[in-house]
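Working through the structure, step by step
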Amino acid sequence: MNREFCHKGTKAQSIKKDIKSLCSLESWCLRGILTFALMGFFMSSSGQSSTCWPSERGNNALSGYTKVKLPNDLKLLWSFKTEDAIKSSPVFCGKSIFVGSNDGNLYCLSKEGKLNWTFETETSIESTPLYLNGIVYFGNLGGDVYAINAKNGKQIWKFETQGQISGAANWTYKSDKKGKQILIGSYDFYMYCIDAKTGKLVWKYETDNYINGCPAINAQNTVFGGCDGFLHSVDIHSGKANEKIDIGTYIAASPAIENGKAYFGNYDGEFMCIDLETQKTLWKNADATAYVNSPSIAEDFVVIGSQNRYMYCFKKETGALLWKFKTLGKIEGSPVIAGDEVVFGSGDGRVYRLDLKTGKKIWSYEIGSPIQSTIAVVKDMIVVSCRDGKVYCFEKN
């Protein structure tokens, strides 16, 4: 994600002066039992497993959760240097690691840290790759969306938007439940739905400002925020708006959704839970500074970090603060809940592992360079990307 967030964009957006006002939206309701049945099928096909972390938040709902339980003794196994800083988060699947760099290249590394291939674009890649069925999807700051063969690094298709892309892509099934489509937001104010196979536009939905984050997806809808200060819910098949909920300030990252509720933080330091059907705020905590990352959800816990250097854990149903843990730098990368612990990086250059229930530190490692990315977590291994341009791999000792 671009750390300038909502304050500036590329030249392509600077010339856009007129913003169309959206019509009032028709009311909608969740599909009850049918939705949850479809959602179970949908999520089971997302590709996440103990040996595959295929996207920035691990799954389509962006819950940032894995059942993997890491060993107590992780050791730095290797590091790999790119030619510029890294803001993109690594993903791991099929014994390969994929990550973008500000040097404009997408890198494919082996599990042993050897370079398999690179794919060069014209501008920085802050977008986290999405691995899906042997293809890697990502965007760059030039506004281009790419589909790349994961085995050989060859381009399959390219789709052009009119603004930079900082957030990750997500995916959903087509209405026939056979084909797939890619959803990705741009600084040209649009959320795009693209055919995963052909790269052709399926639909696009216009917001009122830049879109920074990745869209969360369930069986029927995609939910995302942006610099227009609204939380949008859009039908994944038609691209038509379900709801447009006024939050009143920038939403700089992605929401996590579960059981008809959206959990997210905003740029004013408020973290909240909203019922997507009633549009009501179920609870809110306003004790932090800007939230520019996404939360993780597991059981009755919701975890998120803030630029005030704290990692917070809230009770999912009530918003009650369960614990907070202070680091020595801003927390801009999103946490991952792995089993019964929280894994994340901080601007202080350290990787942390905390007990999910108590917030007590289990383990930390000082890399020495700010971490602004989400850590990829698979069985016996974590992969970290840093501002020093390196990718680090920790494995069981």
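Residues numbered from 1 in each chain as written. Predicted model: local features only at pLDDT ≥ 70, side-chain atom pairs only at ≥ 80, totals over all residues. Heavy atoms only, no water.

Looking at the overall build of the protein
When its secondary structure is counted, the protein shows two helices and 33 strands. Counting every position in the protein, which comprises 397 residues, the buried fraction comes to 63%. Across the protein, the fraction of contacts at a sequence separation of at least 24, relative to all contacts at a separation of at least 6, is 49%. Looking at the protein as shown, the accessible area adds up to about 15,300 Å², and 46% of this sits on carbon and sulfur atoms. (Helix = DSSP H or I, 4+ residues; strand = E, 2+ residues; numbered from the N terminus. Buried < 20%, exposed > 50% of the residue type's maximum accessible area, 1.4 Å probe, protein only. Contact = heavy atoms within 4.5 Å. Areas by Shrake-Rupley, 256 points an atom, 1.4 Å probe, with all protein chains shown as cover.)

Describing the confidence of the model for the protein
Averaged over every residue, the pLDDT of the protein is 90; residues scoring 70 or more account for 89%. Contacts for the low-pLDDT stretch residues 8-45, under 50 throughout, to residues beyond four places or in other chains number 68 contacts. (pLDDT = per-residue confidence, 0-100.)

With respect to the sheet that holds strand S18 (residues 241-246)
In space, the four strands of this open sheet follow the order S15-S16-S17-S18, with antiparallel pairing throughout. Two strands bound the open sheet, and with one partner strand each, they are strand S15 (216-217) and S18. Sheet topology places strand S17 (residues 230-235) next to S18; five bridges connect them, and they run antiparallel. Within S18, the position partnered with Leu 231 by the bridge is Ile 245. (Pairing = 2+ DSSP bridges.)

What about unusual backbone geometry?
Backbone phi values are negative for most residues with the exception of glycine, while trans is the configuration of most peptide bonds. One non-glycine residue, Asn 133, adopts positive backbone phi at about 55 degrees. By secondary structure assignment, the location of Asn 133 is in the loop between strand S7 (130-132) and strand S8 (135-139). The exposure class of Asn 133 is exposed, given its relative accessible area of 57%. Despite not being glycine, Asn 259 shows a phi value in the positive range, around 50 degrees.

Focus on the state of the cysteines
Summed over the entire model, instances satisfying the criterion amount to one disulfide. A sulfur-sulfur separation of 1.8 Å characterises the disulfide bridge that pairs Cys 52 with Cys 93. Here Cys 52 and Cys 93 share a disulfide; its torsion about the S-S bond, -105 degrees, makes the bridge left-handed. Of this pair, Cys 52 sits in the loop between helix H2 (32-44) and strand S1 (65-66) while Cys 93 sits in strand S3 (residues 91-93); the two residues are 41 residues apart in sequence, bridging distant segments of the chain. Cys 93 carries the same exposure label as Cys 52, and that label is buried. (Disulfide = S-S within 2.5 Å.)

A look at the pattern of salt bridges
Close approach of charged atoms allows side chains with opposite charge to pair. Under the definition given, this model contains 10 salt bridges. Note that Lys 158 and Asp 144 form a salt bridge whose closest N and O atoms lie 3.8 Å from each other. Here Asp 144 lies in strand S9 (residues 144-149) and Lys 158 lies in strand S10 (residues 155-160), a separation of 14 residues in the sequence. A residue is classified by how much of its surface remains accessible, and Lys 158, at 37% relative accessible area, is partly exposed. Its relative accessible area of 10% is what places Asp 144 among the buried residues. Notably, a salt bridge pairs Asp 300 with Lys 315, separated by 2.5 Å at the nearest N-O pair. Of this pair, Asp 300 sits in the loop between strand S23 (296-298) and strand S24 (301-305) while Lys 315 sits in strand S25 (residues 310-315); the two residues are 15 residues apart in sequence, bridging distant segments of the chain. Classification of Asp 300 by relative accessible area gives partly exposed; the value is 21%. One network of salt bridges, with partners in common, ties together Asp 348, Arg 350 and Glu 366. (Salt bridge = Lys/Arg side-chain N within 4 Å of Asp/Glu carboxyl O.)

With respect to the sheet that holds strand S4 (residues 96-100)
Taken together, four strands build an open sheet; the order of strands is S3-S4-S5-S6 and the sheet is antiparallel. Both outer strands of the open sheet, S3 and strand S6 (115-120), are each paired with one neighbouring strand and no more. Neighbour to neighbour, the strand axes of the sheet diverge by 20 degrees on average, direction disregarded. (Axes fitted to C-alpha atoms, helices over the stretch in contact; angles between N-to-C directions.)

As for the pairing of strand S33 (residues 390-396)
Remark: a regular strand shows side chains that alternate across the two faces of the sheet. Most of S33 sits inside the fold, with five of its seven residues counted as buried. Sheet topology places strand S2 (residues 74-81) next to S33; seven bridges connect them, and they run antiparallel. Across the sheet, the residue bridging to Leu 74 is Lys 396, located in S33. Bridge count between strand S32 (residues 381-385) and S33: five bridges; the pairing is antiparallel. Across the sheet, the residue bridging to Met 381 is Glu 395, located in S33. Taking the residues that link successive antiparallel strands as the turn, the S32-S33 hairpin has four residues, and the phi of Gly 389 there is positive, at about 85 degrees.

Notes on the nonpolar core
Membership of the largest hydrophobic core comes to 32 residues, with the highest contact counts inside it found for Val 351, Ile 367, Val 377, Ile 382, Val 384 and Phe 394. With residues up to four places along the chain from it excluded, the contact list for Ile 382 reads Leu 70, Leu 74, Val 351, Trp 363, Ile 375, Ala 376, Val 377, Tyr 392, Cys 393 and Phe 394. (Core = buried A, V, L, I, M, F, W, Y, C linked by side-chain atoms within 4.5 Å.)

Remarks on the environment of Glu 243
Relative to the helices and strands, Glu 243 is located in strand S18. Residue Glu 243 is classed as buried on the basis of its relative accessible area of 6%. The spatial distance from the C-alpha of Glu 243 to the C-alpha of Phe 230 is 9.6 Å, given a sequence separation of 13 residues. Among the polar contacts listed, one links the side chain of Glu 243 to the side chain of Gln 279, at a separation of 2.5 Å. (Polar contact = N/O pair within 3.5 Å; in protein donor to acceptor, adjacent residues only side chain to side chain.)

Quick word on the environment of Leu 356
Within the element layout of this structure, Leu 356 appears in the loop between strand S29 (350-355) and strand S30 (361-366). Residues Leu 356 and Val 343, spaced 13 residues apart in sequence, show a C-alpha to C-alpha distance of 9.4 Å. In contact with Leu 356, not counting residues within four places along its chain, are Phe 301, Val 303, Cys 313, Trp 323, Ile 337, Gly 339, Asp 340, Glu 341 and Val 342.

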